[in-house]
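# Structural overview for review
Read off the chains here:
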Amino acid sequence: MLVDVRIKRFRPEQDAQPRWAAYRVEAEPTDRVLDALNTVKWRHDGSLAFRRSCAHGICGSDAMMINGRNRLACKVLIRDLRPPIVIEPMRGFPVAKDLIVDMDGFFAKYRSVKPYLITEEPAPQAERPQSPEQRERFEDTTKCILCGACTTSCPSFWANREYLGPAAIVQAHRFLFDSRDHGAAERLPVLNERSGVWRCRTIFNCTEACPRGINVTKAIGEVKKLLLRQSVK
Amino acid sequence: MPRPVVRHQYDAVIVGAGGAGLMAALEASKTCKTAVVSKLYPTRSHTGTAQGGIGAALGNVEPDSWEWHMFDTVKGGDYLADQDAVEFMCQEAIRVVYELEHMGLPFNRTPEGKIDQRRFGGHTKEFGKAPVRRSCYAADRTGHMILQTLYQQCIKQAVSFFDEFHLLDVLLQDGRCAGVVALCLATGEVHVFHAKAVLLATGGFGRMYKVTSNAHTLTGDGCTVVFRRGLPLEDMEFFQFHPTGIYKLGILITEGARGEGGILRNGRGERFMERYAPTLLDLAPRDMVSRAMYLEIREGRGIEGKDYLHLDLTHLDPSVIDRKLPDIADFVRTYLGVDPHRQPIPVQPTAHYAMGGIPTNLHAEVLDERGQVVPGLYAAGECACVSVHGANRLGTNSLVDIVVFGRRGGQRLAQWAPAADHLPLPKEPEVMAQEALSRLTTNLGGESAAQIRDELQQAMMAQVSVFRTEAGLKEALAAIVQLRVRYGRVDVQDKALRFNTELEEALELGCVLDLAWATTVAALARRESRGAHCREDFPDRDDANWLKHSLAVLRDGAISLSAKPVTITRFQPKPRVY
């Protein structure tokens, strides 16, 4: 079948403003939106720029706004969308070219929460023990692929670009609730700053946007609770 | 017009930021000024898609030993693996798994709090008696956890990254490595990295096939640049097809699904593996299962007579699927609308893994055609051929390979580079890269890279996949030769410097064309069947004539083949029965 695709394009070397481009592409209902983007690139206009790699929702390269919602282009099928398919870059990051955004700020915030295991205990010969229940405690937030869909769907982030954003908080959660980690004292002050978790207004856009099904709002809530408990102590 | 050039000087440059590259970077950066150059943002690397687990004889849930792991790896590889390297890998596997856990990797746990382990294809106890639980896993996203954990450690250690830089060339001077040249995708500038040591960890090249589990970006850039510089590629004829790719899409369904009890069925509902591997059944090595599937389909026993079969998980406890295989359950729901609790999954073999690649010793040092070390050049992971996988890799051993040899290469480099000098660079080290870029953007030949790629992928799928014949391979070779000529007339429409992904795709096509060429030439020469290389016209393994590695070298525009002996220590070749 033929599908109408409208893409917000921006060529940094030529365009002062983004412009809309329309394509009519051959596609199967079971094709991914990524397949339609590839058809545009391979058959209509090779200059269309977007990131992609694994094409099945694991690498996190192709988060973009599709029919008004943030999704991975490789994880949404044409048959599940009402035509025309309208594709824009994620909102809130500088656009580098077409659907490619500059994610440097996003990753800087990720790094700021110290997203690595912090422990003073010397490593044993074998593994550090952890019960299945302790392991389960942070299972949900280990799934994050750093695609940016949550952060760029967050009105609090749109309003204030200093906000850490849901993705960085999810990454902090992954360690704060890991029984092997002792880095809370280093990590929590970052999360407690003006630009930290308190900017979250529990809007749930992040949870809806997450292509990995992470309950992002719940994770942020748990980090907030942890901070409150710490301040009571 | 030549592009702007930016120059850098580092002690060590690691190319690629998957498991092997990051592991190497962690080691190298302990003693050396190190840069990681990657065409993707590191967490986008393909290691992240590995699902089922990493094999190590921890013995956490039942007795196990690294010698059994070694035997399984050697037998799984149809006796082509170099056994000194396999021995090293299987011993080190235990140590690196604990090391990953210490770095924070969230493995699934046993009730006692140890790393949990599960069954996987070809992994057995007591030298082949029965399946063993050896695969250490984190749900069905073990690779994702490895990649995340290693990248987290790189952040902690403040490793320097050049993200979204595409490798264009490796610089060799008097048989030594002097650095690399890369394209900065964001700006279009050419960057020259002058280095004492370079470690290539650029991954595989499944994108030469139409149906593949591999990411769009897996185009063998590292293998290609060394091949074009006259260094050999080893065992290129051995390319693994994973039995369970999602029908038509090729997306991987982990072997862990069969490890947890999943069964392959044909159109009559039969568990057909009973006829092909009576002991290990569905957990036989991948080459054997993929061949069995092709035969079932060819004999009309596909589902409704079509070219796919069923992976049946419906008899499993739903909570096993939800807890241990959540991602693949999500994939089949998303892409097929199939509920794995209640419906079987349509699958077909999918191009998955290159056993061949850049020859190295077990220190990850690159070897030339005569087996001499190329000083300053290292390779690890799928782009390398140590060879630990021989003619067919066992499941979980790719993750073992990347962490063991990424680490080993990084350590070796960290010892060597501080005492070494920077070789003087040639006057214009970037000239070859500049010419290639300007050719693609100023051509008026009217050929489309996408069209050539389609034709290549179809030819490789039809003639250079699970079953091969002389006639078919010759047909593929003729097609590839023609496609390479046409590639010389590709014109990239996008003339922009910034994020020119059309140009990048054209560069990648050049790589897969060269590697498909080497694969087909090597496959045509090997007149026997061994592991993943199955010649219908030579159906038996022929140890008398072919128990040897192949080396393919590009010389004066043609590929010449030579042989390299196999290292055999503990396990003499035997018939391979499961």
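Everything numeric in this text was worked out from a predicted model, so none of it was measured. (Residues numbered from 1 in each chain as written. Chains lettered and ligands numbered in written order. Predicted model: local features only at pLDDT ≥ 70, side-chain atom pairs only at ≥ 80, totals over all residues. Heavy atoms only, no water.)

### Let's talk about the overall build of chain A
Regarding its fold elements, chain A presents 8 helices and 7 strands. Its C-alpha atoms give chain A principal-axis dimensions of roughly 60 × 40 × 30 Å. Residues classed as buried in chain A amount to 61% of the 233 residues present. Within chain A, contacts between residues separated by at least 24 positions form 62% of all contacts whose residues are at least 6 apart in sequence. Taken together, the 38 basic and 28 acidic charged side chains of chain A have centroids lying 4 Å from each other. (Helix = DSSP H or I, 4+ residues; strand = E, 2+ residues; numbered from the N terminus. Buried < 20%, exposed > 50% of the residue type's maximum accessible area, 1.4 Å probe, protein only. Contact = heavy atoms within 4.5 Å. Lys, Arg positive; Asp, Glu negative; His and termini not counted. Charge placed at Lys NZ, Arg CZ, Asp CG, Glu CD.)

### Side note on the overall build of chain B
Within chain B one finds 16 helices and 22 strands. Against the compact-globule benchmark of 25 Å for 578 residues, chain B has a radius of gyration of 22 Å, which places it among compact chains. Considered along the principal axes of its C-alpha atoms, chain B spans approximately 65 × 50 × 50 Å. Within the span of chain B, comprising 578 residues, buried residues form 70% of the whole. (Rg over C-alpha atoms; globule rule 2.2 N^0.38 Å.)

### Section: unusual backbone geometry
Residue A:Pro84 is bonded to the preceding A:Pro83 through a cis peptide linkage, with omega at -5°. Relative to the elements of secondary structure, A:Pro84 occurs in the loop between β4 (69-72) and β5 (85-88). With an omega dihedral of 5°, the bond running from B:Val386 to B:Ser387 counts as a cis peptide bond. Checked against the element boundaries, B:Ser387 lands in the loop between β18 (384-385) and α11 (397-416). Unusually for a residue other than glycine, A:Lys114 sits at a positive phi of about 55°. Tracing the chain through its elements places A:Lys114 in the loop between α2 (104-112) and α3 (132-136). If you check the backbone angles, B:Glu164 has positive phi at about 60° while not being a glycine.

### Quick look at the domain arrangement of chain A
By convention, interface size is frequently given as the accessible area that disappears when the constituent parts associate. Residues and elements named next belong to chain A. According to the domain assignment, chain A contains domain 1 (2-101) and domain 2 (104-232). Centre-to-centre separation of domain 1 and domain 2, based on C-alpha positions: 29 Å. Counting residues at the interface gives 13 residues for domain 1, matched by 14 residues for domain 2. Summing the contributions of domain 1 and of domain 2, the shared interface buries around 1100 Å²; its carbon and sulfur component is 60%. It is Asn70, Arg91 and Phe93 that lose the most area in domain 1 upon contact with domain 2, and together they represent 41% of the buried surface on that side. Where domain 1 touches domain 2, the interface holds 0 salt bridges. (Domains from an automatic or database assignment. Buried area = accessible area lost by both parts, 1.4 Å probe. Salt bridge = Lys/Arg side-chain N within 4 Å of Asp/Glu carboxyl O.)

### A word on the interface of chain B and chain A
Taken together, the contact pairs 59 residues of chain B with 63 residues of chain A. Both sides of the chain B and chain A interface together cover about 5000 Å² of buried area, and 50% of this is carbon and sulfur. Of all residues in chain B, B:Arg44, B:His216 and B:Tyr335 bury the most surface against chain A, accounting for 15% of the area lost on that side. Applying the counting criterion to the chain B and chain A interface returns 8 salt bridges. With its nearest N and O atoms 2.9 Å apart, the salt bridge here joins A:Lys97 to B:Asp494.

### Structural notes on the packing of aromatic side chains
A complete count under the given rule lists 23 aromatic pairs over all chains for this structure. Their ring planes at 85° and their centres at 5.9 Å tell us that B:Tyr10 and B:Phe162 sit as a pair that is edge-to-face. Taken together, the positions of B:Tyr10 in strand β1 (residues 5-15) and B:Phe162 in strand β6 (residues 160-163) put the pair 152 residues apart, joining distant regions of the chain. You'll find B:Tyr10 and B:Phe162 in the same group, each marked buried. Among the aromatic residues, those joined into a cluster by ring pairs are A:Phe93, A:Phe106, A:Phe107, A:Tyr110, A:Phe157, B:Tyr41, B:Tyr151 and B:Phe161. Cation over ring: B:Arg118 sits above B:Tyr137, and NZ or CZ is 4.0 Å from the ring centre. Against the face of A:Trp42 rests B:Arg453, its NZ or CZ located 4.4 Å from the ring centre. (Phe/Tyr/Trp six-rings, centres within 6.5 Å; stacked < 30°, edge-to-face > 60°. Lys NZ or Arg CZ within 6 Å of the ring centre and 35° of its normal.)

### Comments concerning the packing of helix α13 (residues 449-463) of chain B against helix α14 (residues 470-487) of chain B
Residues and elements named next belong to chain B. It is the contact of α13 with α14, at a shortest axis distance of 9 Å, that shows an interaxial angle of 165°. If you check the angle between α13 and α14, you find them roughly antiparallel. For α13 against α14, the interelement crossing comes out left-handed. Contacts between α13 and α14 involve Gln451, Ile452, Glu455, Leu456, Ala459, Met460 and Gln463 on the former and, on the latter, Gly472, Leu473, Glu475, Ala476, Ala479, Ile480, Leu483, Arg486 and Tyr487. In the contact of α13 with α14, the residues fall into 10 nonpolar, 3 polar and 3 charged. (Axes fitted to C-alpha atoms, helices over the stretch in contact; angles between N-to-C directions. Parallel < 35°, antiparallel > 145°, perpendicular 65-115°, else oblique. Left-handed = near helix turned anticlockwise from the far one by under 90°. Nonpolar A, V, L, I, M, F, W, Y, C, P; charged D, E, K, R; others polar.)

### Some points on the sheet that holds β5(A)
All names here are of chain A. If you trace the 5 strands from one edge of the open sheet to the other, you get β2-β1-β5-β3-β4, paired in mixed fashion. Edge strands, defined here as strands with exactly one partner in the open sheet, are β2 (19-26) and β4. Shown here is a sheet whose adjacent strand axes are inclined to one another by a mean of 35°, direction ignored. Those strands touched by helix α1 (residues 33-44) are β1 (2-9), β2, β3 (63-66) and β5, and its axis lies near 95° from that of β2. (Pairing = 2+ DSSP bridges.)

### Here's the deal with helix α2 (residues 66-76) of chain B
Residues and elements named next belong to chain B. The element α2 is largely enclosed, with a buried count of 9 among its 11 residues. Of all the positions in α2, only Trp68, His69, Met70, Phe71, Asp72, Thr73, Val74, Lys75 and Gly76 are classed as buried. On the buried face of α2, the contacting elements are β3 (54-55), α3 (83-103), β4 (117-125), β5 (130-136) and α11. Looking one or two places after α2, you find Asp78, whose phi comes out positive at around 55°.

### Here's the deal with the confidence of the model for chain B
Detailed reading of the predicted model is not advised wherever pLDDT is low. Mean pLDDT over chain B: 97, with 100% of residues reaching 70 or higher. The complex model carries a pTM of 0.97, and its ipTM stands at 0.97. (pLDDT = per-residue confidence, 0-100.)

### Quick notes on the nonpolar core
Residues A:Ile87, A:Leu191 and B:Ile54 are the most contacted members of the largest nonpolar core, which totals 130 residues. No other element matches α3(B), which puts 11 residues into this core. Of the domains in this structure, domain 1 (2-101) and domain 2 (104-232) of chain A are the two that each give at least three residues to this core. Aside from chain neighbours lying at most four places away, what touches A:Leu191 is A:Val113, A:Leu164, A:Ile169, A:Ala172, A:Leu176, A:Gly196, A:Val197, A:Val223 and A:Leu227. Formed by 88 residues, the second largest nonpolar core is a distinct cluster that contains A:Ala96, B:Val181, B:Phe193 and B:Tyr209. (Core = buried A, V, L, I, M, F, W, Y, C linked by side-chain atoms within 4.5 Å.)

### Concerning the sheet that holds strand β14 (residues 345-354) of chain B
All names here are of chain B. The antiparallel open sheet is built from 4 strands, whose spatial order is β11-β14-β13-β12. Of all strands in the sheet, those bounded by a partner on one side alone are β11 (239-246) and β12 (263-265). Within this sheet the neighbouring strands show an average axis-to-axis angle of 45°, counted without direction.

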